[in-house]
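What follows is the residue order along each chain.
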Amino acid sequence: VTANMWGIPWVARDVGQRFAEMARRLGADRDIDVVGLQEMWDDDARREFLRQLAEHFPHQVDFHTEHQRSGLVIVSRRPFVDSPRFVPFRATGKWWKPWTGEWWGGKGVGAVRIDAGAAQPWVFTTHLHACYEDSEEACNHGDEYGEYRLDQLQQLRDAVDEIAGVESAIVLGDFNFTR
């Protein structure tokens with residue numbers, strides 16, 4: 001499962017309440033083994049969310065604090081086999097457009113290997129650059145950040161190839177593509 005939490009400090013509303021509801025729903029669904037989360041940038045809400053999930057998803061990697069300020073988290077009912085890995089994106093937004101948040105977001109690719117019995121897949125989570133155009137059509141054809149997303153998508157592919165190689169891989173994320 002993947003979930004985009006929209007937990008941007010000073011911008012998102014009711015972050016704590018939304019995170020608490022998501023923790024309640026995830027904890028109640030026994031069919032979910034692993035979750036990749038994006039936009040977990042609010043430190044207090046993220047820490048509380050992970051605390052609330054710990055009983056149901058005891059295996060957690062917070063790429064925000066352990067690696068960068070990525071806003072990425074993976075939680076699992078199953079144990080991790082290898083140490084988590086994080087690959088930061090080269091293209092991370094435009095510093096002269098701070099209202100987008102992309103330049104300080106620290107986006108990239110987080111990965112951890114899960115013990116799923118006979119299988120031990122790598123699970124990846126990522127969050128590609130957003131489109132800030134007003135229409136879906138504009139995002140599909142020529143928005144100013146399209147090249148960023150394409151570069152990030154290539155980096156994601158390279159990270160999966162390098163980290164997982166020929167082993168099983170599950171890729172979760174917010175790809176910010178409309179088609």
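Above this text is the structure in question.
Now for a look at the structure at hand. Keep in mind the model is a prediction, meaning the values are calculated, not measured.

1. With respect to the overall build of the protein chain
Line of reasoning, step 1. The number of helices and strands found in the protein chain is five helices and eight strands.
Line of reasoning, step 2. Along the protein chain, helices (α) and strands (β) appear in the sequence β-α-β-α-β-α-β-β-β-β-α-α-β when read from the amino end.
Line of reasoning, step 3. Per-residue burial for the protein chain yields a buried fraction of 47% across its 179 residues.
Line of reasoning, step 4. Here the contacts in the protein chain between residues at least 6 apart in sequence split such that 63% fall between residues at least 24 apart.
Line of reasoning, step 5. Accessible surface computed for the protein chain: about 9300 Å², of which carbon and sulfur atoms make up 50%.

2. Quick look at the side chain of Asp174
Line of reasoning, step 1. By the secondary structure assignment, Asp174 is in strand β8 (residues 169-174).
Line of reasoning, step 2. No salt bridge forms around the buried Asp174; measuring N to O, its nearest opposite-charge neighbour Lys107 is 6.7 Å away.
Line of reasoning, step 3. Polar side-chain contacts of Asp174 include one of 3.2 Å to the backbone nitrogen of Asn176.

3. Quick word on the pattern of salt bridges
Line of reasoning, step 1. Taken as a whole, this structure holds 14 salt bridges when the rule is applied.
Line of reasoning, step 2. Note that Arg85 is salt-bridged to Glu162, the shortest N-O span being 3.8 Å. Note that Arg85 is positioned in strand β5 (residues 85-88) and Glu162 in helix α5 (residues 146-164), a separation of 77 residues in sequence.
Line of reasoning, step 3. Note that Glu144 and Lys97 form a salt bridge whose closest N and O atoms lie 2.8 Å from each other. Pair noted here: Glu144 is in the loop between α4 (136-140) and α5 and Lys97 is in the loop between β5 and β6 (108-113), with a separation of 47 residues, a long-range link.
Line of reasoning, step 4. For Lys97, a relative accessible area of 19% corresponds to the buried category.
Line of reasoning, step 5. What you see here is one network of salt bridges that share partners, running through Glu21, Arg24 and Arg25.

4. Some words on helix α1 (residues 15-28)
Line of reasoning, step 1. If you check α1, its first and last C-alpha atoms are 20 Å apart, about what 14 residues at 1.5 Å a residue would give, namely 20 Å.
Line of reasoning, step 2. Within the span of α1, buried status applies to Val15, Phe19, Ala23, Leu26 and Gly27. The buried residues of α1 all sit within an arc of 95° when viewed along its axis, so they share a single face. Exposed positions of α1 whose direction lies more than 90 degrees from the buried face are Gln17, Arg25 and Ala28.

5. Considering a nonpolar patch on the surface
Line of reasoning, step 1. On the surface, a nonpolar cluster with roughly 420 Å² of combined accessible area is contributed by Trp95, Trp96 and Trp103.
Line of reasoning, step 2. Secondary-structure assignment places Trp103 in the loop between β5 and β6.

6. Notes on the packing of aromatic side chains
Line of reasoning, step 1. Under the counting rule described, the total for this entry stands at four aromatic pairs.
Line of reasoning, step 2. Summarising the aromatic geometry, the rings of Phe19 and Phe49 are spaced 5.8 Å apart at their centres and angled 70° between planes, so their arrangement reads as edge-to-face. Pair noted here: Phe19 is in helix α1 and Phe49 is in helix α2 (residues 43-53), with a separation of 30 residues, a long-range link. Across the pair, exposure class does not vary: Phe19 and Phe49 are buried alike.
Line of reasoning, step 3. Put simply, the rings of Tyr132, Tyr145 and Tyr148 touch in pairs and so form one group of aromatic residues.
Line of reasoning, step 4. A cation over an aromatic ring shows up here: Arg77 above the ring of Phe57, its NZ or CZ 4.2 Å from the ring centre.
Line of reasoning, step 5. Across the ring face of Tyr145, the terminal group of Lys94 is positioned such that the distance to the ring centre comes to 5.0 Å.

7. Description of the environment of Ala164
Line of reasoning, step 1. Within the secondary structure, Ala164 sits in helix α5.
Line of reasoning, step 2. For Ala164 and Arg113, which are 51 residues apart along the polypeptide, the C-alpha to C-alpha distance reads 8.8 Å.
Line of reasoning, step 3. Among residues more than four places away in sequence, those in contact with Ala164 are Trp122, Phe124, Ala159 and Ala169.

8. Quick notes on the nonpolar core
Line of reasoning, step 1. The biggest cluster of nonpolar side chains holds 15 residues, and the ones touching the most others in it are Leu26, Val35, Leu37, Phe49, Leu53, Phe57 and Val75.
Line of reasoning, step 2. Broken down by secondary-structure element, the contributors of at least two residues to this core are α1, β2 (34-38), α2 and β4 (73-76).
Line of reasoning, step 3. Listed in part, the eleven residues of the second largest apolar core include Ala111, Phe124, Leu156 and Ala159.

Thresholds, definitions, all that
Residues numbered from 1 in each chain as written. Predicted model: local features only at pLDDT ≥ 70, side-chain atom pairs only at ≥ 80, totals over all residues. Heavy atoms only, no water. Helix = DSSP H or I, 4+ residues; strand = E, 2+ residues; numbered from the N terminus. Buried < 20%, exposed > 50% of the residue type's maximum accessible area, 1.4 Å probe, protein only. Contact = heavy atoms within 4.5 Å. Areas by Shrake-Rupley, 256 points an atom, 1.4 Å probe, with all protein chains shown as cover. Lys, Arg positive; Asp, Glu negative; His and termini not counted. Salt bridge = Lys/Arg side-chain N within 4 Å of Asp/Glu carboxyl O. Polar contact = N/O pair within 3.5 Å; in protein donor to acceptor, adjacent residues only side chain to side chain. Expected span 1.5 Å × (residues − 1). Arc of directions from axis to C-beta. Patch = residues over 30% accessible without salt bridge, like charges linked within 9 Å, V, L, I, M, F, W, Y side chains within 5 Å. Phe/Tyr/Trp six-rings, centres within 6.5 Å; stacked < 30°, edge-to-face > 60°. Lys NZ or Arg CZ within 6 Å of the ring centre and 35° of its normal. Core = buried A, V, L, I, M, F, W, Y, C linked by side-chain atoms within 4.5 Å.

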